[in-house]
Amino acid sequence: PFEVLVVGGGPAGSSAAIYTARKGIRTGLLAVRFGGQLLDTMTIENYPSVEHTEGPRMAADLERQVRGLGVEVVTGQVAERLVPAPVPGGLHEVHLGSGAVLRARAVVIASGARWRTLDVPGEDEHRNRGVTFCPHCDGPLFVGKRVAVVGGGNSGVEAAIDLAGVVEHVTLVEFADELKADDVLQRKVRSLGNIDVLLGTATTEVVGDGSRVVGLRHAPRAGGEATVLPVEGVFVQIGLLPNTEWLDGVVEMTPSGEVVVDARGATGIPGVFAAGDCTTAPWKQIVAAAGAGAGAALSAFDHLIRTSAP
Ligand code: FAD
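Owing to the predicted nature of the structure, the values given are computational and were not obtained by experimental measurement.

### Observations regarding the overall build of the chain
Then comes step 1: When its secondary structure is counted, the chain shows six helices and 19 strands.
Then comes step 2: For the chain, whose C-alpha radius of gyration is 21 Å, the value lies close to the compact-globule estimate of 19 Å for 310 residues.
Then comes step 3: Projected onto its principal axes, the C-alpha coordinates of the chain cover approximately 70 × 35 × 35 Å.
Then comes step 4: Within the span of the chain, comprising 310 residues, buried residues form 42% of the whole.
Then comes step 5: Within the chain, residue pairs in contact and separated by at least 24 positions form 61% of the contacts whose partners lie at least 6 positions apart.

Below, the structure is given as structure tokens:
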């Protein structure tokens, strides 16, 4: 068995494994895809000390560092179930889709999240070519341009307010007949001169010119003619789905599936920690995930030195 098993090979899981491996703890890391969301990211310009990199390159750098520290890396395998240790200090089990079982005295859950997509024509083809999911990451790429934000919940409205300070003009598009964001955010959005709000509007296509986004086709939900809004960027903000289905009923989660953690990254189960986008941590960013992973690893270390095997 491992002393620590990390589930997830994104920034949170990699960082956790680096911290425990450097303490001489026998560490395993399980990931469907090493790198996680980094593999879908083009430009990264907000990681301190790294002025510019690309997601796949950062993923490869992390994997080299993790493997170089002697972490046993298992990729291409899915965790399907966590079975907590039956007694304090006992072994937790992670059951894989292949039928195999990995055991460890402490587990760090870092299985990340995925963005909910619009599933309209043009969206997939224009990912990183105008279609984006992260205003903090990609807002500065649209300085002086017109963009659309799809989604009128808190994240969409926050994105519109954020982007209004960076880009020339924002159109916020919401399917329902009203915004779902907090009142204070709605007031703010309506007070800004360069944001238009379209309610009751269905997004039907991301329009491109063969390489980049040039517009967003939309139609009144109640019926009527579709029009193309000329924009160079489309920020999709209709929800972030945590990859936590494998923990259903085992670990405490919010209604949206985020693993509830305390400031030390502890879940309610002794010896089970969590970090990154799969948790209640409010900021879903690489530097935040990496920091949380380090914290969860140090908490796992604390746990190991305070418990003995039964
Ligand atoms: P993830 O990166 O989601 O990694 C999760 C890991 O868990 C993966 O290895 C996955 O394979 C594995 N996994 C999931 N489920 C299972 C399972 N059941 N069994 C085994 N393994 C599993 N942030 C920035 O700071 N700057 C940016 O410029 C930036 N740009 C972005 C661009 C895009 C297109 C996207 C999608 C995100 C971007 N982000 C950016 C956000 C950033 O990528 C995430 O906040 C960060 O990757 C979260 O790290 P994580 O380790 O928590 O999860």
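### Things to note about the domain arrangement of the chain
Then comes step 1: Domain annotation of the chain identifies domain 1 (2-114 + 240-306) and domain 2 (117-236).
Then comes step 2: For domain 1 and domain 2, the distance between their C-alpha centroids amounts to 32 Å.

### Structural notes on the site of the ligand
Then comes step 1: Around the ligand sit 38 residues in total, of which G8, G10, G36, G112 and G276 are the nearest.
Then comes step 2: Listing elements by their share of the shell around the ligand, those giving two or more residues are α1 (11-21), β2 (27-31), β9 (113-115) and α6 (286-306).
Then comes step 3: When grouped by side-chain class, the residues that make up the shell around the ligand number 21 nonpolar, 13 polar and four charged.
Then comes step 4: A domain split of the shell around the ligand shows at least three residues from each of domain 1 (2-114 + 240-306) and domain 2 (117-236).

### Description of the environment of L30
Then comes step 1: Its place among the elements puts L30 in strand β2.
Then comes step 2: Judged by local crowding, L30 falls into the buried class, with 27 C-beta atoms found within 10 Å.
Then comes step 3: Here the alpha-carbon distance between L30 and L96, two residues 66 residues apart in the chain, equals 9.6 Å.

### Overview of the pairing of strand β7 (residues 92-96)
Then comes step 1: Across four bridges, strand β6 (residues 79-83) lies against β7 in antiparallel orientation. Each residue of the ladder has a partner; that of V83, found in β7, is E93.
Then comes step 2: With antiparallel pairing between neighbouring strands as the criterion, β7 and strand β8 (residues 101-109) make up a hairpin whose turn holds four residues, including G99 at a positive phi of roughly 100 degrees.

### Some details on the sheet that holds strand β12 (residues 169-173)
In a beta sheet, neighbouring strands pair by backbone hydrogen bonds and run either parallel or antiparallel.
Then comes step 1: Spatially, five strands are ordered β10-β17-β11-β12-β13 in an open sheet, and the strand pairing comes out parallel. Lying at the two open borders of the sheet, with one neighbouring strand each, are β10 (131-132) and β13 (195-198).

### Some words on the pairing of β13
Then comes step 1: Here four bridges tie β12 to β13, and the two strands are oriented parallel to one another. Along β13, the bridge assignment pairs V173 with L198.
Then comes step 2: Crossover connection from β12 via helix α5 (residues 183-191) to parallel β13: handedness right-handed.

### Here's the deal with the nonpolar core
Then comes step 1: If you look at the biggest cluster of nonpolar residues, it comprises 54 residues, and the most contacted ones within it are V108 and I109.
Then comes step 2: Looking at this core, the elements with two or more residues in it are β1 (2-7), α1, β2, α2 (55-68), β6, β8, β19 (272-274) and α6.
Then comes step 3: Per-element tally for this core: the top contributor is α6, with seven residues.
Then comes step 4: Once residues within four sequence positions are removed from consideration, I109 is found in contact with V7, L247, V259, V272, F273, A274 and C278.
Then comes step 5: If you look at the next biggest cluster of nonpolar residues, it comprises 28 residues, including A160, A164, V234 and F235.

Procedures and definitions
- Residues numbered from 1 in each chain as written.
- Predicted model: local features only at pLDDT ≥ 70, side-chain atom pairs only at ≥ 80, totals over all residues.
- Helix = DSSP H or I, 4+ residues; strand = E, 2+ residues; numbered from the N terminus.
- Rg over C-alpha atoms; globule rule 2.2 N^0.38 Å.
- Buried ≥ 20, exposed ≤ 12 C-beta atoms within 10 Å, placed from the backbone.
- Contact = placed C-beta atoms within 7 Å.
- Domains from an automatic or database assignment.
- Near = placed C-beta within 6 Å.
- Nonpolar A, V, L, I, M, F, W, Y, C, P; charged D, E, K, R; others polar.
- Pairing = 2+ DSSP bridges.
- Right-handed = clockwise from strand over helix to strand, strands pointing away.
- Core = buried A, V, L, I, M, F, W, Y, C linked by C-beta atoms within 7 Å.

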